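Single-letter residue listing:
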Amino acid sequence: MAEAASPHLSLPSGLLELCALLGAPRDSLRSLEQVAYKKGVKHLSALLDPEVLSIFVPPFISKEDSQTAGANCGTLGKTRMRSLRKKREKPRPEQWKGLLGPPRASEPEDVAVPGGVDLLTLPQLCFPGGVCVATEPKEDCVHFLVLTDVCGNRTYGVVAQYYRPLHDDYCFYNGKTHRECPGCFVPFAVCVVSRFPYYNSLKDCLSCLLAHLKPCKDFEVDSHIKDFAAKLSLIPSPPPGPLHLVFNMKSLQIVLPARADLESPILDLDLHLPLLCFRPEKVLQILTCILTEQRIVFFSSDWALLTLVTECFMAYLYPLQWQHPFVPILSDQMLDFVMAPTSFLMGCHLDHFEEVSKEADGLVLINIDHGSITYSKSTDDNVDIPDVPLLAAQTFIQRVQSLQLHHELHAAHLLSSTDLKEGRAHRRSWQQKLNCQIQQTTLQLLVSIFRDVKNHLNYEHRVFNSEEFLKTRAPGDHRFYKQVLDTYMFHSFLKARLNRRMDAFAQMDLDTQSEEDRINGMLLSPRRPTVEKIASRKSSHLCVTHRRMVVSMPNLQDIAMPELAPRNSSLRLTDTAGCRGSSGVLNVTPKSPYTFKIPEIHFPLESQCVQAYYTRFVSMLSEAMCILAPDNSLLLARYLYLRGLVYLMQGQLLNALLDFQNLYKTDIRIFPTDLVKRTVESMSAPEWERAEQAPELMRLISEILDKPHEASKLDDHVKNFKLPKKHMQLGDFMKRVQESGIVKDASTIHRLFEALTVGQEKQIDPETFKDFYNCWKETEAEAQEVSLPWLVMEHLDKNECVCKLSSSVKTNLGVGKIAMTQKRLFLLTEGRPGYLEISTFRNIEEVKRTSTAFVLRRIPTLKIRVASKKEVFEANLKTECDLWHLMVKEMWAGKKLADDHKDPHYVQQALTNVLLMDAVVGTLQSPGAIYAASKLSYFDKTSNEMPMTLPETTLETLKHKINPSAGEAFPQAVDVLLYTPGHLDPAEKVEDAHPKLWCALSEGNVTVFDASSWTIHQRSFKVGTAKVNCMVMADQNQVWVGSEDSVIYIINVHSMSCNKQLTAHCSSVTDLIVQDGQEAPSDVYSCSMDGTVLVWNVSTLQVTSRFQLPRGGLTSIRLHGGRLWCCTGNSIMVMKMNGSLHQELKIEENFKDTSTSFLAFQLLPEEEQLWAACAGRSEVYIWSLKDLAQPPQRVPLKDCSEINCMIRVKKQVWVGSRGLGQGTPKGKIYVIDAERKTVEKELVAHMDTVRTLCSAEDRYVLSGSGREEGKVAIWKGE
């Protein structure tokens, strides 16, 4: 038999923490009986004070029982019951004592009561209205409790009350039957306390218990409750995810729903209850009271509704969480709690409404029974409850009104179910769907209210700019936001946003994001409304346009920013069927959950019965895993988690650790770190000896024990942006500017610092910073108010934004205002508004500042020569002329660089420079302001000082450049690139079907681009914290990432989340490969620096083969001819699949200089050649596969200083390196003809070393550069 769990190991709680029987004290009942006999039943009107009569706390089987259990499970053994009985002892078989019998002298057993449960207040909460003797039987009833300890941890109680006659045929005194007391009924309560809010499930359990308690004799009550409590204590709570647990409780089948994820609450209640009690407008008003953290008291004549309704409102606001006292039920003795001066949410019986209203000040009083909201009388005139933002409120009301809230209407056309189980299942399915719709509706409300918060966050410095956020809100909504932004709830919400938590809010924000917002999120230009946004303001009837899905790579002849679809003003998920009404509720059909039925628990409860239950539990889980589809890792993870828990209960710690370790491969999100740590720390010496024989287990143990020393505590502080109050040097100034959200790029901020400190000491005083900040924000606000006529917008691209408007000036085209966008200059004519194009920046040939004579003075004039026009544009800009001269030249230079380098990032950067110039001139307002602004004229100066035109061959081959580090303070090196083709799957979202480019940046950051438009599909997310060495697409749904930290991370390509890890390697993972030509590979080969090679099954994630090279330094592997080719630095080894050495190419046999080593190699099977590059060599070496002993051919690479990578593309080999380009060290790519073995092209487009290369469908080649530049170039392949 398995050994019992270590007494030092704190095992996770089952469904039950505590079960108690409560009622009136025995002495009180005896006195009551005497009154009844003397004066009659009609005089029994007094209330009694309740107390705990019995209490049952797990475990119900002691360690001694476990060690001395009998062999026969069916034999009644002496089982030790963990119970405490107030003033009574279990009666002897020959002389039973009733509830009113005299107390025994023996001491009750001492039990540890779970934290958070106060036995002094529990009776009051179980009988919140007191214990009242009734003259006739009353209906059994239930209510719900929320218990909070001093640390804020909550436990949950479900209380079932039932009545018994004061004396009946089953009650005995000293073995004699007592006289009946007709018409006298006494209430008792059974309370179940759990760590989990399983309100409906525990209500069903108690319903089954009461059906057996009511007819039983008094001395049998404890036995029934003990068995009931013992059974619940053995039932685990399901792990987060799609698996619900099912068990039988006498006549009912109970379903324990799992929470959706680790962050989500458990929902085992009917979320539509508040919608039945309150109109949608009232629901919004209550939500506002909670969001603004008022002092709130709910009232109802039904104790059960108090907890259920308040818990529903808590669920509505998830992921925002109430941070203050939460006491949904106050007993009659606790009414003084409502006098507390802080925010709270409490519940009272409706009988106390008038009393609370008169005695307490500043309360919001919510009457559930009447669906009304009032305020305590002394504060009616001072209540300041703002309205929810109008658009969000209207949408919410319309969606709630479209919900089907009545099951009777839903089931009116159905036949009556003759099967109780089937009827309950049908009702549960309906409720689950309705709950899902309500969750979506309330979540959409929160996203509508708070989605723009992210635009005013600085993640690096953890700053929220509340003032700027408020400026973007409608004036009528300011009161609402000012109150909400100052609450603990919102502060906690901000922490989660700054930690980039991917909770339900973040996921819906991402899913409902418009195309325009997604593209704007990747641009560096300051916030300016696009033409599309301006148009959406003018018309509310625009419909989302849908473009054809592009699966293949685009023809990159002329890359432009994608045309934006009209902004979807509603929060509906994208409707690919066309434009439909957005006010109705989303047609959300939740996925049917999986269920697992827990084995039956047999009584009497003794050790062998419990062990048999655990054994059967493990067996059933193992059977379920065996029949599970290999690709259903989500469900497999839940089975492993449960089996690990059961193994712990059995005391099989090593088996439990092995199951928990497998969660790395299946779903690491539910890995119980704390539990595993406690398990490891409680292991015995023999268990340690056995664990040391399992390397993978020791790796897990080592990682768990070392983690506290390595992991730094998550920084969760939040700062509100404030203007500086002291002088700033460059470092402090850079931090302040980044916090303000103006610009993040460090080099741009450095130039701004130089501009603001021209001619003075190199520090900026607070007043100058304040003036600059205000000038910038005023300009930004003015841009938001720009309204263009339809006639003008027809001439502009949808993603263009008006960045600068001049004052009204005279030009040779007429009088009007000159407007600048990121693409062109045009004139907004006065009088009848019209559009006259001046020029696109691409067509400008010359920009000059001159002056024109007018009467006795000369007026500064700007002249612009345009390639396609004979007439030169002239504008009398007067005092604005110098600034416009600088701005136009900078935009012209930026556009020229963008065209020359095929890099649109230059235009965005030039636009930022231009707007900073404008703000500097507005700040300084001095004769030297223009000179100061010229410090920001970066591209204009660079193009004048040093021509930056790329070589002709490079220009012909280069098609586009993108910047994965856009929006970061500094560029990040591109360590690895991976292209994945698109797949048309009807079940996928449109954007998921597009091809993608995966860019691994420094410190485990991965950014994903949509390769059909080169826009960011997923901004940087983390796969560990170490450098990424390799990536491969294992199948259509998985990308595998090999890291310097020895872990292989598996990314789901649809959810863009990393929930699986493979930890079989013990050193840095250096390469991952699949068999060439396989669309759906079954195996992935991985290697690590210590010389280990593993073969993984893609479906099961199991290692199917492994071998160890005789030496380490393994950097890359290739498959060819049924052999595995391994580059180890000192040699290239050809290994058989059984791990034996077949052939070896040694470095010392080919080079006299043994200090060199192999860096990279490629196999060309058609030519039967091996191409390799060596450290410190500027040549590529080519061996014949027929005879590796022959000396290699050499292909010299001119001006190459180091080679970093190489790939084969059709009949070419591309080599990424660093070398001289145009006389300076740059990243170079050599394109070598594989047949002629000559360099066809030398490509120079990167400012830093080319670190990685990858091929896209053999049509394009993509290269990534080092941290000095950090960009990706897309090249046309032959």
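Positions within a chain are numbered from 1, following the residues in the order the chain's sequence is written. Given that this is a predicted model, residues contribute local features only at a pLDDT of at least 70 and side-chain atom pairs are listed and counted only at 80 or more, while totals for whole chains, interfaces and linings are drawn from all residues. Calculated side-chain values reflect all of the structure's heavy atoms, with hydrogen atoms and water omitted.

By definition, any uninterrupted DSSP run of H or I lasting at least four residues is a helix, any uninterrupted run of E lasting at least two residues is a strand, and each is numbered from the N terminus. Each helix and strand in the chain was counted, giving 34 helices and 57 strands. Burial here depends on accessible area, computed with a 1.4 Å probe over protein chains only, as a share of the maximum for the residue type. Under 20% is buried, over 50% is exposed, and the range in between is partly exposed. Per-residue burial over the chain gives 55% buried out of 1278 residues. Within the chain, counting contacts between residues at least 6 apart in sequence, those at least 24 apart form 61% of the total. To measure how exposed things are, a 1.4 Å probe is used in the Shrake-Rupley method; for residues, cover is taken only from the protein chains shown. Counting only carbon and sulfur atoms, one obtains 50% of the accessible surface of the chain, whose full area is about 55,900 Å². Any pair of residues with heavy atoms lying within 4.5 Å of one another is described as a contacting pair.

Note on pairing: DSSP must find at least two bridges between two strands before they are called paired. Ordered in space as 47-48-49-50, the four strands form an open sheet in which the pairing is antiparallel. Both outer strands of the open sheet, strand 47 (1158–1164) and strand 50 (1193–1196), are each paired with one neighbouring strand and no more. The average undirected angle you get between the axes of adjacent strands in this sheet is 25°. Pairing of strand 49 (residues 1179–1184) with strand 50 involves four bridges; the strand directions are antiparallel. Directly across from Val1180, in strand 50, lies its bridge partner Val1195. In this analysis an axis means a line fitted to C-alpha atoms, helices contributing only their contacting stretch, and an angle means the value between N-to-C directions, from 0 to 180 degrees.

For helix 20 (residues 633–650), built from 18 residues, the straight-helix expectation of 26 Å at 1.5 Å per residue is met to within 8% by its first-to-last C-alpha distance of 25 Å. Here helix 20 lies mainly inside the structure; 15 of its 18 residues are buried. A helix is expected to span 1.5 Å multiplied by its residue count minus one.

We now examine the packing of aromatic side chains. Two aromatic rings from Phe, Tyr or Trp, using only the six-membered ring of Trp, form a pair when their centres are within 6.5 Å; if the ring planes differ by under 30 degrees the pair is stacked, by over 60 it is edge-to-face, and anything between is tilted. Under the defined criterion, the tally for this structure stands at 31 aromatic pairs. Note on Phe480 and Tyr481: the rings are 5.2 Å apart at their centroids and 85° apart in plane angle, and the pair reads as edge-to-face. Overall, Tyr481 belongs to the buried group, its relative accessible area being 2%. The interplanar angle of 80° and the centroid separation of 6.4 Å between the aromatic rings of Trp1040 and Trp1096 together place this pair among those described as edge-to-face. Taken as a pair, Trp1040 in strand 36 (residues 1038–1043) and Trp1096 in strand 41 (residues 1092–1097) lie far apart in primary sequence, 56 residues in all. Of the residues examined, Trp1040 reaches a relative accessible area of 0% and is grouped as buried. We classify Trp1096 as buried; its relative accessible area is 0%. Ring-pair connections join several aromatic residues into one group, and the members of that group are Phe450, Phe464, Phe469, Phe480, Tyr481, Phe490, Phe493 and Phe505. Looking at Arg500, its charged tip hangs above the ring of Tyr459, at a distance of 3.9 Å from the centre. Taking the ring centre of Tyr906 as reference, the NZ or CZ of Lys1271 above it sits at 4.4 Å. Counted as over-ring charges are cases with an Arg CZ or a Lys NZ within 6 Å of the ring centre that also lie within 35 degrees of the ring normal.

Glancing now at helix 15 (residues 488–498). Every buried residue of helix 15 is accounted for by Met489, Phe490, Phe493, Leu494, Ala496, Arg497 and Leu498. Buried residues belonging to helix 15 abut helix 7 (280–291), helix 12 (420–450), strand 18 (457–458), strand 19 (463–464), helix 14 (478–484) and helix 16 (504–511). Residue Arg500 follows helix 15 closely and has a positive phi angle near 55°.

A few words on the pairing of strand 39 (residues 1069–1073). With five of five residues buried, strand 39 is to be regarded as a mostly interior element. Sheet analysis places strand 39 next to strand 40 (residues 1083–1088), joined by four bridges and oriented antiparallel. Following the sheet pairing, Val1069 is matched in strand 40 by Ser1088.

Let us now look at the packing of helix 7 against helix 10 (residues 390–401). Where helix 7 meets helix 10, the closest approach of the two axes is 9 Å, and the angle between their N-to-C directions is 130°. As far as their axial angle goes, helix 10 and helix 7 are oblique. With respect to the hand of their crossing, helix 7 and helix 10 are arranged in right-handed fashion. In contact with Pro280, Glu281, Val283 and Leu284 of helix 7, helix 10 contributes Ala393, Phe396, Ile397, Val400 and Gln401. For classification purposes, an angle smaller than 35 degrees is called roughly parallel, one larger than 145 roughly antiparallel, one from 65 to 115 roughly perpendicular, and anything else oblique. Take the far helix as your reference; a near helix turned counterclockwise from it by less than a right angle gives a left-handed crossing, and one turned clockwise gives a right-handed crossing.

Here we come to the sheet that holds strand 55 (residues 1250–1256). As summarised here, the arrangement of the four strands in space is 30-57-56-55, forming an open sheet in which the pairing is antiparallel. Every other strand in the sheet has two partners, leaving strand 30 (958–962) and strand 55 as the edge strands with one partner each. On average, each strand axis in the sheet is tilted by 20° relative to the strand beside it, whichever way the strands run. In this sheet, strand 56 (residues 1260–1265) lies alongside strand 55 in antiparallel orientation, the contact comprising six bridges.

Attention shifts here to the side chain of Gln1162. Locating Gln1162 in the fold gives a position in strand 47. We define a polar contact as two N or O atoms separated by no more than 3.5 Å, with the added condition that, inside protein, one atom must be a possible hydrogen donor and the other a possible acceptor, whereas residues neighbouring each other in sequence contribute only through side-chain atom pairs. In terms of polar contacts, Gln1162 uses its side chain to reach the backbone carbonyl oxygen of Met1206, at 3.0 Å. Those residues in contact with Gln1162, other than ones at most four positions away along the chain, are Arg1118, Gln1169, Leu1170, Trp1171, Met1206, Ile1207 and Arg1208.

A word on the pairing of strand 28 (residues 857–866). Examined bridge by bridge, strand 27 (residues 844–854) and strand 28 share 10 bridges and lie antiparallel to one another. Looking at the pairing, Ser851 lines up with Pro860 of strand 28. Bridge count for strand 28 against strand 29 (residues 873–876) is three bridges, and the pairing is antiparallel. From the neighbouring strand, Ile864 faces strand 29, where its bridge partner is Phe873.

So, about the confidence of the model for the chain. Detail in the predicted coordinates should be disregarded across regions flagged by low pLDDT. Per-residue confidence from the predictor is reported as pLDDT, which spans 0 to 100. Averaged over all residues, the pLDDT of the chain is 84; the fraction at 70 or higher stands at 84%. Per-element confidence in the chain is highest for helix 8 (residues 303–316), whose mean pLDDT is 97, and lowest for strand 8 (residues 172–173), whose mean pLDDT is 36. Note that residues 66–82 has pLDDT below 50 and, in this model, 41 contacts with residues that lie over four places away or in other chains. Low pLDDT, under 50, characterises residues 168–179; the stretch is placed with 26 contacts to residues that sit more than four places away or in other chains.

Salt bridge, as applied in this entry: a Lys or Arg side-chain nitrogen positioned within 4 Å of an Asp or Glu carboxyl oxygen. Here the structure, examined in full by the defined rule, presents 44 salt bridges. Across the salt bridge formed by Arg643 and Asp659, the nearest N and O atoms sit 2.7 Å from each other. Note that Arg643 is positioned in helix 20 and Asp659 in helix 21 (residues 653–661), a separation of 16 residues in sequence. When sorted by exposure, Arg643 lands in the same class as Asp659, which is buried. We note a salt bridge from Lys1271 to Asp903, for which the minimum N-O separation is 2.5 Å. Taken together, the residues Lys1271 in the loop between strand 56 and strand 57 (1272–1276) and Asp903 in the loop between helix 30 (881–901) and helix 31 (905–924) connect sequence positions 368 residues apart. The residues Lys1271 and Asp903 share a single accessibility class, namely buried. Shared partners join several salt bridges into a network, and the residues in it are Arg451, Lys454 and Asp509.

Moving on: the nonpolar core. By nonpolar core we mean a set of buried residues, namely Ala, Val, Leu, Ile, Met, Phe, Trp, Tyr and Cys, connected to one another through side-chain atoms within 4.5 Å. Counting residues in each nonpolar core, the largest one holds 197 residues, and the members touching the most others are Leu232, Phe247, Ile290, Phe298, Phe313, Val338 and Phe450. Look past the residues within four positions of Phe313 in its chain and what remains in contact with it is Pro274, Phe278, Val283, Ile286, Leu287, Ile290 and Phe298. Formed by 62 residues, the second largest nonpolar core is a distinct cluster that contains Cys803, Val888, Val921 and Leu936.

Moving on, we come to the environment of Ser1263. Mapping Ser1263 onto the fold places it in strand 56. Sequence separation between Ser1263 and Lys961 is 302 residues, and the spatial gap between their C-alpha atoms is 9.5 Å. Apart from residues lying up to four places away in sequence, Ser1263 is in contact with Leu977, Ile1229, His1246, Val1250, Thr1252, Leu1253, Lys1271, Val1272, Ala1273 and Trp1275. A distance of 2.8 Å separates polar atoms of two side chains, one belonging to Ser1263 and the other to Trp1275.

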